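Listed below are the residues making up each chain.
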Amino acid sequence: MGVMLINKKFIRANKELRRIQKAHLKKYRKNRGRYPKAKLGKVIELKSEEVIEDAEELKTERSVSILTLTAKDVLDGIRKANVVGQSGSGFPTAKKIETVMMAKVREKHLVINAVACDPGLLQDAWILEHKKAEVQKGVALLKKCIPFQRVVIGSKENTPNRYPMGEEKILIHQLLQIQLSPEQVPAEQGILVLNIQTVLKIYETFYKKCTRKTKYITVANLNSGQGQVVRAYIGQPIAELLEMTTLGYEKTADVYAGTGVMDAEPTTSSNTIEETTNMVAFGPAATFDNEAKCKMCGACSRKCPMHIQVSKILHAIKENDTKHLEEYKIMDCIGCGTCSYYCKAGRNIMEMVQEQKERLR
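In this report, the structure presented in the accompanying data block is examined. (Residues numbered from 1 in each chain as written. Predicted model: local features only at pLDDT ≥ 70, side-chain atom pairs only at ≥ 80, totals over all residues. Heavy atoms only, no water.)

### Focus on the sheet that holds strand 2 (residues 109–113)
So the rule is basically this: Pairs of strands are assigned from DSSP output, requiring at least two bridges between the strands. Secondary structure elements follow DSSP: runs of H or I of four or more residues count as helices, runs of E of two or more count as strands, with numbering from the N terminus. Geometry is summarised by axes, namely lines fitted to C-alpha atoms with helices restricted to the contacting stretch, and by angles between N-to-C directions that run from 0 to 180 degrees. Every residue pair with non-hydrogen atoms within 4.5 Å of one another is taken to be in contact.
Read across the open sheet, the three strands follow the order 3-2-4; overall the sheet is parallel. Of all the strands in the sheet, the pair left with one neighbour each is strand 3 (150–154) and strand 4 (191–195). Averaged over all pairs of adjacent strands, the angle between their axes in this sheet comes to 15°, without regard to strand direction. Pairing analysis gives five bridges linking strand 2 to strand 3, with the strands arranged parallel. Paired with Ile112 across the two strands is Ile153, which belongs to strand 3. Contacts between helix 7 (residues 168–176) and the sheet are confined to strand 2, strand 3 and strand 4, with strand 3 contributing the most and set at about 115° to the helix.

### Details of helix 8 (residues 196–207)
Each α-helix turn comprises 3.6 residues. Residues three or four places apart therefore point the same way. To keep it simple, the criterion reads: A helix is expected to reach a length of 1.5 Å times the quantity of its residues less one. A simple rule labels every residue: compare its accessible area, found with a 1.4 Å probe on the protein chains alone, to the largest value its type can have, and call it buried under 20%, exposed over 50%, or partly exposed in between. Distance and chemistry together define a polar contact, namely a pair of N or O atoms within 3.5 Å, with one atom able to donate a hydrogen and the other to accept it when in protein, and with adjacent residues in sequence counting only for side-chain atoms on both sides.
For helix 8, built from 12 residues, the straight-helix expectation of 16 Å at 1.5 Å per residue is met to within 8% by its first-to-last C-alpha distance of 17 Å. Counted residue by residue, helix 8 has 11 buried out of 12 residues, so it is predominantly covered. Within the span of helix 8, buried status applies to Ile196, Gln197, Thr198, Val199, Leu200, Lys201, Ile202, Tyr203, Glu204, Phe206 and Tyr207. The backbone nitrogen of Gln197 has a side-chain oxygen 2.8 Å away, supplied by the residue at the start of helix 8, namely Asn195.

### Things to note about the sheet that holds strand 6 (residues 226–233)
Strand order across the open sheet formed by six strands is 1-6-5-9-7-8, with mixed pairing between neighbours. Both outer strands of the open sheet, strand 1 (45–46) and strand 8 (263–267), are each paired with one neighbouring strand and no more. Note: strand 1 against strand 6, two bridges, orientation parallel. Considered in strand 6, the bridge of Leu46 is made with Gly227. Here helix 5 (residues 123–130) sits on the sheet and contacts strand 1, strand 5 (214–221) and strand 6; the angle it forms with strand 5, its principal contact strand, is near 125°. Its contacts with the sheet put helix 8 on strand 5 and strand 6, and the angle it makes with strand 5 is roughly 145°.

### Let's talk about the side chain of Asn278
In this structure, Asn278 sits in the loop between strand 8 and strand 9 (279–282). Under the relative-accessibility criterion, Asn278 is labelled buried at 2%. Setting aside chain neighbours within four positions, we find Asn278 in contact with Gln86, Ser87, Gly88, Leu121, Gln123, Lys215, Ile217, Thr218, Gly258 and Thr259.

### Some thoughts on a positive patch on the surface
Stated precisely, the cut-off is as follows: Patches here: salt-bridge-free residues with over 30% relative accessible area, like charges joined within 9 Å, nonpolar side chains (Val, Leu, Ile, Met, Phe, Trp, Tyr) joined within 5 Å. Each accessible area value is a Shrake-Rupley result obtained with a 1.4 Å probe; residue values ignore everything except the protein chains displayed when judging cover. By salt bridge we mean one thing: a side-chain nitrogen of Lys or Arg within 4 Å of a carboxyl oxygen of Asp or Glu. Positive: Lys, Arg. Negative: Asp, Glu. His and the chain ends are not part of the count. Where a charge lies is defined by one atom per residue type, namely NZ (Lys), CZ (Arg), CG (Asp) and CD (Glu).
A cluster of like positive charges, contributed by Lys15, Arg18, Lys22, Lys26, Arg29, Arg32 and Lys39, occupies part of the molecular surface. The topology assignment puts Arg29 in the loop between helix 2 (15–27) and strand 1.

### Re the side chain of Asn221
By the secondary structure assignment, Asn221 is in strand 5. According to the relative accessible area criterion, Asn221 is buried, its value standing at 9%. Here Leu247 takes part through its backbone oxygen, which lies 2.9 Å from a polar atom of the side chain of Asn221. Setting aside residues no more than four positions away along its own chain, Asn221 makes contact with Ile44, Gln226, Leu247 and Phe282.

### Things to note about the state of the cysteines
Which entries qualify depends on this criterion: Note on terminology: disulfide denotes any pair of cysteine sulfur atoms within 2.5 Å.
For the structure shown, the criterion picks out zero disulfides. No disulfide involves Cys300; its nearest neighbouring cysteine sulfur is the one of Cys297, lying 6.3 Å away. Given a relative accessible area of 10%, Cys300 falls into the buried group. With no disulfide of its own, Cys333 lies closest to Cys339 among cysteine sulfurs, the gap being 6.5 Å. Note on Cys333: relative accessible area 14%, which makes it buried.

Shown next, in the form of structure tokens:
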């Protein structure tokens, strides 16, 4: 678990980020829904639709006779290419597909996650707009393995603009009206949930000649709120990536890398892009004070998408009385950071809860 780069106080203090967030919430307000309760909205906006990339080999599409491919051919190809989840999990995609294939259920479904609910990520929406035909070919390959009853793409256009709408079980409930318990694994229930870039990777595995692993990521200026989509290669120095952009990067700026603005790590320009990197950001970030006195506002519990009794957990931690923590549903915490974002005292509540959760395991 990394650190959060933003919270509500930080957004309020930055005029540009506040403007971007307000405009994004207004744009998608027609998609109504009461759950989840957090209305974070994007705080980074796309500077240009033109993606930054250096991959000539990806411009030519190979001819593929999909009718002759078998389920084994597709699965072996995905496994050989070592395709992993592009949302930041890094979970082997072939293993996930196999779990769905073996699921003893009547109906099986494919949910493509293009919601990108993290307030800083831009690449999923860009892929959905510019690579839809390629994604559809990726879906056709997946259908060779699994006869899906339904294939649904979740995006800002058909889901409430809430956070964390992209969480697997929340998205499944929204799109399929299927409610899973915290203990149930979607793949074991016959539901394959893949990030849209993962489906694009499956397409590229068969239709492109890929000599090096690449992925689309967001590079963002945390001060101006401007971002660009860049096709980076795994192992690429972050300094090289930052210099490719036109976002005003200066070498003295603080640099972060991770799955988004809600989960990143301080890094250096000499570090490299990893499979789980979804964002590189630079500039000032929010600060937290876990020793600050609680304001008793109750927002941490009220906004929690998992209905965890966060305030009671914090009180128990303070009193060193942890025997009731599981009753307060601490093990259901998904680490989304909503509690920390809204905390009026400026505490990183998610960090405190996650640390206690790890001790109970």
